Structures are given as structure tokens and as C-alpha cells.
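An overview of the molecular structure
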Amino acid sequence: MKIQKEIDFILAVDALKNVQRRNYNADDSRRENTAEHSWQIIILAQILFPYAKNNTEINLLRVIRMLSIHDLVDAGDTFLFDEEGMKGKFEREKLAAKKIFGILDEPLSSEFYNLWIEFEEEETPDAIFACAIDRMMPFILNTYTSGKSWTEAGVTEKQVRNMLENAICRASDDMGDCFQLLMKKCFDEKKFS
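A short tour of the structure in this document, coming up. The structure presented is a predicted model; accordingly, all values stated were derived computationally and were not measured. The residue numbers shown here count from 1 along each chain, following its written sequence. A pLDDT threshold of at least 70 governs which residues receive local features in this predicted model, and a stricter bar of 80 or more applies before side-chain atom pairs are shown or counted, although totals over entire chains, interfaces and linings include all residues. Side-chain metrics rest on all non-hydrogen atoms present in the structure, leaving aside hydrogens and water.

1. With respect to the overall build of the protein chain
Scanning the protein chain from N- to C-terminus turns up 10 helices and two strands. Counting from the amino terminus, the protein chain carries its helices and strands in the arrangement α-β-β-α-α-α-α-α-α-α-α-α. When we talk radius of gyration, it's over C-alpha atoms, and the globule rule is simply 2.2 Å times the number of residues to the 0.38. Taken over C-alpha atoms, the radius of gyration comes to 17 Å for the protein chain, in line with the 16 Å a tight globule of 193 residues would show. Considering only C-alpha atoms, the protein chain reaches an extent of 60 × 35 × 30 Å along its principal axes. Looking at the protein chain residue by residue over its 193 residues, the buried ones come to 45%. Sequence-distant contacts in the protein chain: of pairs separated by 6 or more residues, those separated by 24 or more amount to 66%. Helix and strand definitions here come from DSSP, where helices need a minimum of 4 consecutive H or I residues and strands a minimum of 2 consecutive E residues; each element is numbered from the N-terminal end. Burial here depends on accessible area, computed with a 1.4 Å probe over protein chains only, as a share of the maximum for the residue type. Under 20% is buried, over 50% is exposed, and the range in between is partly exposed. Residues are treated as being in contact if the distance between any of their heavy atoms lies within 4.5 Å.

In C-alpha cells form, the structure reads like this:
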């Protein structure tokens, strides 16, 4: 069949519906899965795009493509604040990226891999904005829920600032202002250890 590799890829991607993330849904009832996270950040990117710095230099479609594939690389969902787990993460994920994207034929295989690398390196305007969106959504969820994913893991205000502040602020002044206001809300509501 002509599109068998594409079907194999989509079936491999389907497994991500079962990958539970650390964050809870907005109603605090359960943890979100990777597919839900990807869907939500794609919507958030479209909504916050007008606030991006230099948005005339950003290709929103490329951002959406980055966001739609960056979590397809399943090397386990490493919690952003797990300092031990983050060691060697990029190398583990590069191998997983080659495997998952290798299911596809060229040029799509290389195209997806290169978009994934661009996202991970966070150097282009598209990748900077995409990364900020990816970090912003879990931050919003923790702010507007009980913050269980942070409190369960003993996440500190310093850790949140170290891992999120620069990524969000360099993508958008307005998102940076929002970050500061939401950090105050989190601090006032004692969502940090």
C-alpha cells in the first residue's frame, strides 16, 4: 500500500495518548496526557501569536508544526524540574527522534527531525516563540489549579523562575508581564515549596 509508512507513523504517534504528564487538567481531576498537551499548546500559540516579539518574523504555521511534533519524541516524559532526569535528556531524545521520524520516507523524515532540532535549540524566532508556548501552558495550569504537580514534586519558586522566566519573557513582553503576575499569584497561594 502506498501510504503504509504514514499509517505506521500515525499508529506509533497514537501511543502518546497514553503518556501521562505531570500536569493536571484545569479542573484538577486528572493528569493530562501528551496528546492533550500538544493540542492545547497549538491553540495557545494561535491565540498568543499577536503578542510575540517580532511576530512579523515568525511563521505561525512552522510554530504550529514544531509544537505538533516536539512531543512525539518519546524518551519518557521527563519532568522539567527533575534535575537528575534532565541530565542526558537531549541525547536520549535525539535517538528517539531518529527512530520515530525514521518511520517516514524522505523528505518528511528529515523535515520533522530538523523542526524538532530547531525547537530544542531555541535559537530561531519560531523556536523561541514555540518554546515559550510549551512552557507557558503547564505554568498556566499550575497557576489556575491547586498546583499539585509542583507541590507533589516540591518545586520551588527559584526552579520555576530558572526554567520558565527567560524562555517566556524573551518571546514576548506581554507574556513576560503575565508571567510576573501569575508568579505573584502562585506565591500568594503558596504553590511553591
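Still more to cover.
2. Some thoughts on helix α9 (residues 157-169)
A residue's bend is simply the angle between two axes: one fitted to the seven residues ending at it, one to the seven starting at it. Of all bends in α9, the biggest is about 30 degrees, found at M163. Within the span of α9, buried status applies to Q159, V160, L164, A167 and I168.

3. Considerations on the pattern of salt bridges
A pair is scored as a salt bridge if a Lys or Arg side-chain nitrogen falls within 4 Å of a carboxyl oxygen belonging to Asp or Glu. Taken as a whole, this structure holds 18 salt bridges when the rule is applied. The partner of R135 in a salt bridge is E122, with the nearest N and O atoms 3.7 Å apart. Here the residue R135 occupies a position in helix α7 (residues 125-144), and E122 occupies one in the loop between α6 (108-121) and α7, the gap between them amounting to 13 residues. Note on accessibility: R135 and E122 belong to one class, buried. Notably, a salt bridge pairs R161 with E157, separated by 3.3 Å at the nearest N-O pair.

4. Concerning the nonpolar core
Grouped together as the largest cluster of nonpolar side chains are 53 residues, with contacts concentrated most on L67, F101, F129, I133, F139 and V160. Elements with a minimum of two residues in this core: α2 (34-48), α3 (60-69), α5 (89-101), α6, α7, α9 and α10 (173-188). At 11 residues, α7 tops the list of elements feeding residues into this core. The residues touching F101, leaving out its near neighbours within four places in the chain, are F9, I69, L72, V73, S109, F112, Y113 and W116. Here the nonpolar core consists of buried residues drawn from Ala, Val, Leu, Ile, Met, Phe, Trp, Tyr and Cys, with membership extended through side-chain atoms lying within 4.5 Å.

5. Here we look at the packing of aromatic side chains
Each aromatic pair joins two rings of Phe, Tyr and Trp (for Trp, the six-membered one) with centres within 6.5 Å, and gets the label stacked for planes under 30 degrees apart, edge-to-face for over 60, and tilted for any other angle. Considering all chains together, one arrives at eight aromatic pairs under this definition. Look at F9 and F101: their rings are 6.5 Å apart centre to centre, the planes differ by 35 degrees, and that puts the pair in the tilted class. With F9 in helix α1 (residues 4-14) and F101 in helix α5, this pair connects stretches of sequence that are 92 residues apart. Owing to a relative accessible area of 6%, F9 belongs among the buried residues under this scheme. Ring pairs connect the aromatic residues F139, W150, F179 and F192, which therefore count as one cluster.

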